[in-house]
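Chain by chain, the residues run as shown.
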Amino acid sequence: MTSAPQVPADVLNNVRQRWPNRAEPWAKQVENELRALCDRYEVVASTVLPARYGLVVAVDTPVGALVLRASPDPHGPEQTAVAIALAELGISPKVHQAVSTDHGTWTVLDRVRPGTPLYFADLAVISLESLFAPLAAMRGRPAPRPGMSSITDWLRGRLEDDQL
C-alpha cells in the first residue's frame, strides 16, 4: 500500500482537546500503523468512516468486510476487552485483532451495517425477546478483565458520561 487515509481534521482537533498529551504521538504514528495493518490483511484502505475521537476505516478483504479502528483513548484497551467479551457472547462483531501501543489502541473487527432504526420499525412485528436478547446475554456476566466493571456497568457508565 502506498498511501493511507489521513485522520480527518475535525477528529484530530477533538483528540487534541480530549487528550492533549496523547494527540501528537498518536497522530504521528496512526497512518503508518494503518499501512502496516492494511499490508497484513492485504487490503487498500480507502473509506474513512465518521468518528469523533479516532480513525475508523472500512476495508474489504477476500474473507469479508472489516473495520480498522484506531483510538488514542487511554481506556482503549478496556474498550477492546469489552468488544471481545460482547463478541464472545455473540452480540457484537467478531474482533480479529487488538493492538495496544504507548499512544493508542487498534481494533480490527467485522464490519456490520446498521439495521432499521427502532423508531422506523413496525412495532407490531418486533419480537421483544429478540430486541432484548443482547441485554439478556450481558446480564450477570463478569468483568472482561480483572479490575474492570461488569460489561453492563461499564456500558451504563459510558451511556451516562456526557463527555463521551
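Parameters and conventions
- Residues numbered from 1 in each chain as written.
- Predicted model: local features only at pLDDT ≥ 70, side-chain atom pairs only at ≥ 80, totals over all residues.
- Heavy atoms only, no water.
- Pairing = 2+ DSSP bridges.
- Helix = DSSP H or I, 4+ residues; strand = E, 2+ residues; numbered from the N terminus.
- Axes fitted to C-alpha atoms, helices over the stretch in contact; angles between N-to-C directions.
- Salt bridge = Lys/Arg side-chain N within 4 Å of Asp/Glu carboxyl O.
- Buried < 20%, exposed > 50% of the residue type's maximum accessible area, 1.4 Å probe, protein only.
- Parallel < 35°, antiparallel > 145°, perpendicular 65-115°, else oblique.
- Left-handed = near helix turned anticlockwise from the far one by under 90°.
- Contact = heavy atoms within 4.5 Å.
- Expected span 1.5 Å × (residues − 1).
- Lys, Arg positive; Asp, Glu negative; His and termini not counted.
- Polar contact = N/O pair within 3.5 Å; in protein donor to acceptor, adjacent residues only side chain to side chain.

Engineer: Explain the sheet that holds strand β4 (residues 95-100) to me, and be specific about the residues and the numbers.
Structural biologist: In a beta sheet, neighbouring strands pair by backbone hydrogen bonds and run either parallel or antiparallel. Reading across the sheet, the five strands line up as β1-β2-β3-β5-β4 and stay open at both edges, with antiparallel pairing between neighbours. Among the strands making up the open sheet, the edge pair consists of β1 (47-49) and β4. Pairwise comparison of adjacent strand axes, ignoring direction, gives a mean angle of 20° for this sheet. Pairing of strand β3 (residues 64-71) with strand β5 (residues 105-110) involves six bridges; the strand directions are antiparallel. Looking at β5, one finds that arginine 69 is bridged to threonine 107.

Engineer: Please provide a residue-by-residue account of the pattern of salt bridges, values included.
Structural biologist: Following the criterion strictly, the structure yields three salt bridges and no others. Across the salt bridge formed by aspartate 60 and arginine 111, the nearest N and O atoms sit 2.7 Å from each other. With aspartate 60 in strand β2 (residues 55-61) and arginine 111 in the loop between β5 and α4 (128-138), this pair connects stretches of sequence that are 51 residues apart. In this structure, arginine 156 and aspartate 153 form a salt bridge, with 2.9 Å as the shortest nitrogen-oxygen distance. Placement of both arginine 156 and aspartate 153 in helix α5 (residues 151-160) is noted, with a separation of three residues, approximately one turn of the helix. A residue is classified by how much of its surface remains accessible, and aspartate 153, at 41% relative accessible area, is partly exposed.

Engineer: Please give an account of the packing of helix α3 (residues 76-88) against α5 that cites residues and values.
Structural biologist: Taken N-terminus to C-terminus, the directions of α3 and α5 make an angle of 125°; their axes are 11 Å apart at the nearest point. By the angle between their directions, the pair α3 and α5 is classed as oblique. For the crossing formed where α3 meets α5, the hand is left-handed. Judged by residue contacts, Glu78, Gln79, Val82, Ala85 and Leu86 of α3 engage Ile151, Trp154 and Arg158 from α5.

Engineer: Requested: an account of the pairing of β5, with residues and values cited.
Structural biologist: Of all six residues in β5, five are buried, a share of seventy percent or more. Note that β4 and β5 share five bridges and pair antiparallel. From the neighbouring strand, glutamine 97 faces β5, where its bridge partner is valine 108.

Engineer: Outline α3, supporting the account with residue identities and numerical values.
Structural biologist: Here α3 contains 13 residues, and its C-alpha end-to-end distance of 18 Å stays within 8% of the 18 Å for a straight helix at 1.5 Å per residue. Of the residues making up α3, those classed as buried are Gly76, Gln79, Thr80, Ala81, Val82, Ala85 and Leu86. In this structure, the buried side of α3 is in contact with β3, β4, β5, α4 and α5. A positive backbone phi angle near 80° is found at glycine 90, which sits one or two residues after α3.

Engineer: Outline the side chain of arginine 22, listing residues and values.
Structural biologist: With respect to the element layout, arginine 22 can be found in helix α2 (residues 20-41). We note that arginine 22 is buried and unpaired, the nearest opposite charge coming from aspartate 73 at a distance of 6.6 Å. Setting aside its immediate chain neighbours within four residues, arginine 22 contacts Pro72, Asp73, Pro74, Asp102, His103 and Gly104.

Engineer: Just give me the short version of the environment of glutamine 97, but keep the residues and values in it.
Structural biologist: Examined against the element boundaries, glutamine 97 turns out to sit in strand β4. Setting aside anything within four residues of it in sequence, one finds glutamine 97 in contact with Leu37, Arg40, Tyr41, Trp106, Thr107 and Val108. Of note is the side chain of glutamine 97, whose polar atom sits 3.0 Å from the side chain of arginine 40.

Engineer: Could you give me a rundown of unusual backbone geometry, with the residues and numbers involved?
Structural biologist: Glycine aside, residues mostly have negative phi angles, and peptide bonds mostly take the trans form. Phi angles above zero are rare outside glycine, and glutamate 42 is one such case at about 55°. Here glutamate 42 is to be found in the loop between α2 and β1.

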